[in-house]
Amino acid sequence: MITDIRIDLSPTHEHQGIKYRRGTALPFGSSVLSGGGINFSVFSSTSIGCTLVLFEKNAPEPFAEIPFPDEFEIGDVYCMIVFGLDFDNLEYGYKMDGPFRPEEGHRFDKTKILSDPYSRALGGRDVWMADPNWDNIYPHRSRIIYQDFDWEGDHPLETPIEDLIIYEAHVRAFTKDKSSGVKAPGTFSAIREKIPHLKKLGINCIELMPIYEFDEWEHSKENPETGETLVNFWGYSTINFFAPKAGYAATGKFGMQVDELKTLIKDLHRNGIEVLLDVVFNHTAEGNERGPYISFRGLDNKVYYMLTPEGYYFNFSGTGNTLNCNHPRVRNMVLDCLRYWAAEFHIDGFRFDLAAILGRDQSGVPLNNPPLVESLAYDPILSSCKLIAEAWDAGGLYQVGSFPAYGRWGEWNGKYRDSIRKVLKSEKGLIGELSQRIQGSPDLYFYRGPTASINFITCHDGFTMMDMVSYNEKHNEANGEDNNDGANDNNSWNCGVEGPTDDPAINFLRRQQVKNALTILMVSQGVPMLLMGDEMGRTKHGNNNTYCHDNELNWLNWDLLEENADLFNYTQRIIQFRKAHPVLRSKEHFQHRDYKEVGLSDISFHGTSAWRPDWTDDSLVFAYMLSGDHAKGGTIKDDTLYIAINMYWDGLEFELPQVPGDKQWHIFANTSMPAGKDISEVGAEILLEDQHKIVIGGRSIVILVNK
Amino acid sequence: MKITISTVDEVMVLSVKGSIDSQTAPEFQTAILAQIETDNNLILDLRENEFISSAGLRVLLIVYRSSKITSGKLVLVGASEEIREVMHNTGFSKFFTFADTLEEGIKIIK
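Keep in mind that this is a model prediction, so the values were computed, not measured.

(A) Region of the structure containing the overall build of chain B. Per the secondary structure count, chain B includes four helices and six strands. Helices (α) and strands (β) of chain B occur, in sequence order from the N terminus, as β-β-α-β-β-α-β-α-β-α. For 110 residues, the compact-globule formula gives about 13 Å, and the C-alpha radius of gyration of chain B, at 12 Å, lands near that figure. Structurally, chain B occupies a C-alpha span of about 30 × 25 × 25 Å along its principal axes. Within chain B, residue pairs in contact and separated by at least 24 positions form 67% of the contacts whose partners lie at least 6 positions apart. Per element, the accessible surface of chain B, about 5,100 Å² overall, is 51% carbon and sulfur.

Have a look at this one:
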């Protein structure tokens, strides 16, 4: 007779009444076995002993500490199966014994309880900003979760990247303000309530700023002006790479953040919206040599961190330490992590914060062929995921255009942002560069195609779009660093007055400039990314580095949707326009020739005179025409489009190029017109009376459709 | 946790007093699955239930999957606002019908 008792799942040891046996080295972390035991597995290269520490949930003291017997060690891995534990009510950690010799890279301290780098949930910050017990002997506690989830057939969407329109959002900032009107403000669940807004807007991908568990209390301090607590709001400081932030879940206090996040992703997918995660693999929350012991430093300092020959922490991330991404073990952890998120959470892609660090070797030297970047590019589980690099780091490595791509990595195109901002403020000498940016930056990505370029004008770092046209300088006093933090090269222009004004002409111009920015973003080849709130004129009052504010500086004010209804309408329609015209979403670069033999080349450049672009240094005008017959490499038929940008201060007459056939020019958008006349509905473009020329107002953009 | 089974207006009612957590979930699962075997229309009376942890919610999902197969109906009566919220936030609520009173629950089944 076959029994369901397995000999290798029977206890062999007992300690303080708890039964256990040698475990399995893989998988790392903790896993619940069908026989009822829990397997614990953790690696450490130079330790001499390890103890498993078990707590009941939130208990001040552990109920058991079980040292790993020598025979439970396989290579550098400690593994043990413990029986009879109630995993729903369990928290666990490790004490690691080994040398404390910082000059050799070792910082073991067997008194510290360390969380498991592979744990799927962490206790300790279950509710956002709830007062922690500062005397807790184990503040960030590994927990075990139910892995099962009813996905009901859900699958990552695999939207072609050239069709993506990304919306960068912060979970808490998106709905925390009471104007959001949601049930559980600031949570994953609340984003579900706002899916109708995202659909109406028309985006098809949401990129969430970091959602891996972090400590909002890290480096918390008082705002000298207001006495308010400044916190780590943005979350670019990871405590654990596998655990979603409990404080972002309405159900975090019940330990159900994993279910809540999966439910959100399932709903977003149902509505055709992909989910990208902003992931921070360049450093951890453990800081430099004065930082706390949370996990990595006490488990295997020399493996997890890049260290100087003297044993100090390299600081390429600007935050105290640098994760040793190209150490084979750390590389495997990163890979395990991303596979987990792709397979178990159905995540559609990842944006890697300060990704240039991923290309540095263990002593910090940039590699030509970084193994981690390559592994991710060729991984079978990640093969459909979007991989996007923020291709620079705080150590001075700037790789926009040169980040190792392996045929699939995209990049946040920082040069796109800088060029377009300068164009918008009518800086001269940029027409050549502008022509590159609207083509998907072939000067940077000639061999990679336009989809390597994630185009953005604003992101969480820096001004919002409305602030970009309202402030010349940053105003970061509220950050408590005497306005010394945040970037100084904002390439912004306040349109005449610094900050809010009653001057109707200035306010009109600001809106026009926002519409100009949105227009260029949506008619450029590449992948556009919109910053949360820019569709409704969000302001951070000139603060360009709001990482520390859990208040209205970051919280999206939903009343703006009504106040700036014209901006929302404009954004929505320009997005519809992009979606309606495949000629704007090419996968390959333009060939600058008429390979379809229709009498027009795929792209042509113009100036105030048709066919005569003005490339001179003084030029502030640029127009281009995209041939509809060449849409998506000539595989789809689209309308021919003409887009004219006049960044001169006054109106100019533009001669229109004549197109073979009997179609006529219709006007879709004209940013110099007041709300209501600035943009039409897609398909309802108005016939131009004069088919040969058009006057384009100062600092404005016109879009024409030939149909 | 204490489970009582009764029949009201020819409808089976399974009442739970106390909490359904990882300790009590197995007992709850056995009781409710046995009940579904005899009659796949069932009222789960939660008026005296204090809390359902994620372990308990998973039992409910297992029940849903089994009752769906046999085209039955499971109505949750008197679930607290907090439980409903948790179920809503974690996607469990869409699988169930809720009723405030026993009478209402019976009406739904009949």
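There's plenty left to go through after this.
(B) Seen up close, the pattern of salt bridges. Scanning all chains against the criterion turns up 44 salt bridges over all chains. Lys515 of chain A is the salt-bridge partner of Asp566 of chain A, the closest N and O atoms lying 3.7 Å from each other. Remark: Lys515 of chain A occurs in helix H12 (residues 504-522) and Asp566 of chain A occurs in helix H14 (residues 565-580); sequence separation between them is 51 residues. Judged by relative accessible area, Asp566 of chain A falls into the buried class, the value being 17%. The salt bridge involving Asp100 of chain B is made with Arg84 of chain B; its shortest N-O contact spans 3.0 Å. Of the two residues, Asp100 of chain B sits in the loop between strand E6 (97-99) and helix H4 (102-109) while Arg84 of chain B sits in helix H3 (residues 81-89), which places them 16 residues apart along the sequence. Asp100 of chain B gets classed as exposed once you look at its relative accessible area, which sits at 52%. Ionic contacts of the salt-bridge type, sharing partners, join the residues Glu152, Arg192, Lys266, Asp267 and Arg270 of chain A together with Lys94 of chain B into one network.

(C) Representation of the nonpolar core in the model. Residue and element names in this part refer to chain A. Core analysis: the largest hydrophobic core is formed by 212 residues, its most contacted members being Phe40, Tyr212, Phe281, Trp341, Phe350, Phe352 and Trp409. It is helix H6 (residues 328-345) that contributes the most residues to this core, 10 residues altogether. Discounting residues that sit within four places of it in the chain, Trp341 has contacts with Ile211, Tyr212, Phe241, Phe242, Ala243, Pro244, Leu261, Leu277, His346, Ile347 and Phe350. Met625, Phe654, Leu656 and Ile696 belong to the second-largest nonpolar core, a separate cluster that totals 16 residues.

(D) Local environment of the interface of chain B and chain A. The interface is formed by 20 residues belonging to chain B together with 19 residues belonging to chain A. When chain B packs against chain A, the two sides together hide about 1,700 Å² of surface, and 48% of this comes from carbon and sulfur. It is Arg58, Asn89 and Thr90 of chain B in chain B that bury the most area against chain A; as a group they hold 35% of the surface buried on that side. At the junction of chain B with chain A, the criterion picks out four salt bridges. One salt bridge connects Asp148 of chain A with Arg58 of chain B, and the closest N-O pair in it is separated by 2.4 Å. Here chain B and chain A share 10 residue pairs in polar contact (both at pLDDT 80 or more) between them. If you list the elements that add at least two residues to the side of chain B that touches chain A, you get helix H2 (54-69) and H3 of chain B. The biggest single contributor to the side of chain B that touches chain A is H2 of chain B, with six residues. Class assignment for the residues of the side of chain B that touches chain A results in seven nonpolar, eight polar and five charged.

(E) Representation of the packing of helix H5 (residues 296-304) of chain A against H6 of chain A in the model. Residue and element names in this part refer to chain A. It is the contact of H5 with H6, at a shortest axis distance of 9 Å, that shows an interaxial angle of 120 degrees. Taken together, the residues of H6 that come into contact with H5 (itself represented by Phe296, Asp300, Val303 and Tyr304) are Arg329, Val330 and Met333. Grouping the constituent residues of the contact of H5 with H6 by class yields five nonpolar, no polar and two charged.

(F) Fine view of empty space enclosed by the protein. Under the criterion given, the structure shown has five cavities of 30 Å³ or more. Considering the residues around the largest cavity, the lining is formed by 15 residues, among which Asp88, Ile144, Ile145 and Gly255 of chain A together with Ser54 of chain B are closest to the centre. Among the elements of the structure, helix H4 (257-270) of chain A together with H2 of chain B are those that each provide at least two residues to the lining of the largest cavity. The element that contributes the greatest number of residues to the lining of the largest cavity is H4 of chain A, accounting for three residues. Looking at side-chain class alone, the lining of the largest cavity contains seven nonpolar, three polar and five charged residues. Considered as a void within the structure, the second largest cavity measures approximately 80 Å³ in volume. What lines the second largest cavity is a set of 13 residues, and nearest its centre among them are His170, Met209, His460, Arg538 and Lys540 of chain A. Partitioned by chemical class, the residues of the lining of the second largest cavity number seven nonpolar, three polar and three charged.

(G) Structural context of the packing of aromatic side chains. Residue and element names in this part refer to chain A. Taken as a whole, this structure holds 52 aromatic pairs over all chains when the rule is applied. Ring geometry for Tyr212 versus Trp341: centroids 5.1 Å apart, planes at 25 degrees, classification stacked. Remark: Trp341 occurs in helix H6 and Tyr212 occurs in strand E16 (residues 212-214); sequence separation between them is 129 residues. Trp341 matches Tyr212 in its accessibility class, with the two residues each being buried. Considering the side-chain rings of Phe605 and Phe622, the 5.6 Å spacing of their centres and the 40 degrees angle between planes classify their relative orientation as tilted. Of the two residues, Phe605 is situated in strand E26 (residues 603-606) and Phe622 in strand E27 (residues 621-626); the sequence distance between them amounts to 17 residues. Exposure remark for Phe622: the relative accessible area of 0% places this residue in the buried category. Directly above the ring of Phe345 sits Lys262, whose terminal nitrogen or CZ lies 5.1 Å from the centroid. In this structure, Arg360 packs its charged tip against the face of Phe316, placed 3.8 Å from the ring centre.

What counts as what
Residues numbered from 1 in each chain as written. Chains lettered and ligands numbered in written order. Predicted model: local features only at pLDDT ≥ 70, side-chain atom pairs only at ≥ 80, totals over all residues. Heavy atoms only, no water. Helix = DSSP H or I, 4+ residues; strand = E, 2+ residues; numbered from the N terminus. Rg over C-alpha atoms; globule rule 2.2 N^0.38 Å. Contact = heavy atoms within 4.5 Å. Areas by Shrake-Rupley, 256 points an atom, 1.4 Å probe, with all protein chains shown as cover. Salt bridge = Lys/Arg side-chain N within 4 Å of Asp/Glu carboxyl O. Buried < 20%, exposed > 50% of the residue type's maximum accessible area, 1.4 Å probe, protein only. Core = buried A, V, L, I, M, F, W, Y, C linked by side-chain atoms within 4.5 Å. Buried area = accessible area lost by both parts, 1.4 Å probe. Polar contact = N/O pair within 3.5 Å; in protein donor to acceptor, adjacent residues only side chain to side chain. Nonpolar A, V, L, I, M, F, W, Y, C, P; charged D, E, K, R; others polar. Axes fitted to C-alpha atoms, helices over the stretch in contact; angles between N-to-C directions. 1 Å grid on protein atoms, 1.4 Å probe; cavity = no way out; pocket = protein on both sides within 12 Å on 5 of 7 lines; lining within 4 Å. Points joined across faces, edges and corners; volume = space filled by probe spheres on them. Phe/Tyr/Trp six-rings, centres within 6.5 Å; stacked < 30°, edge-to-face > 60°. Lys NZ or Arg CZ within 6 Å of the ring centre and 35° of its normal.

All we've got here are geometric facts, nothing functional implied.
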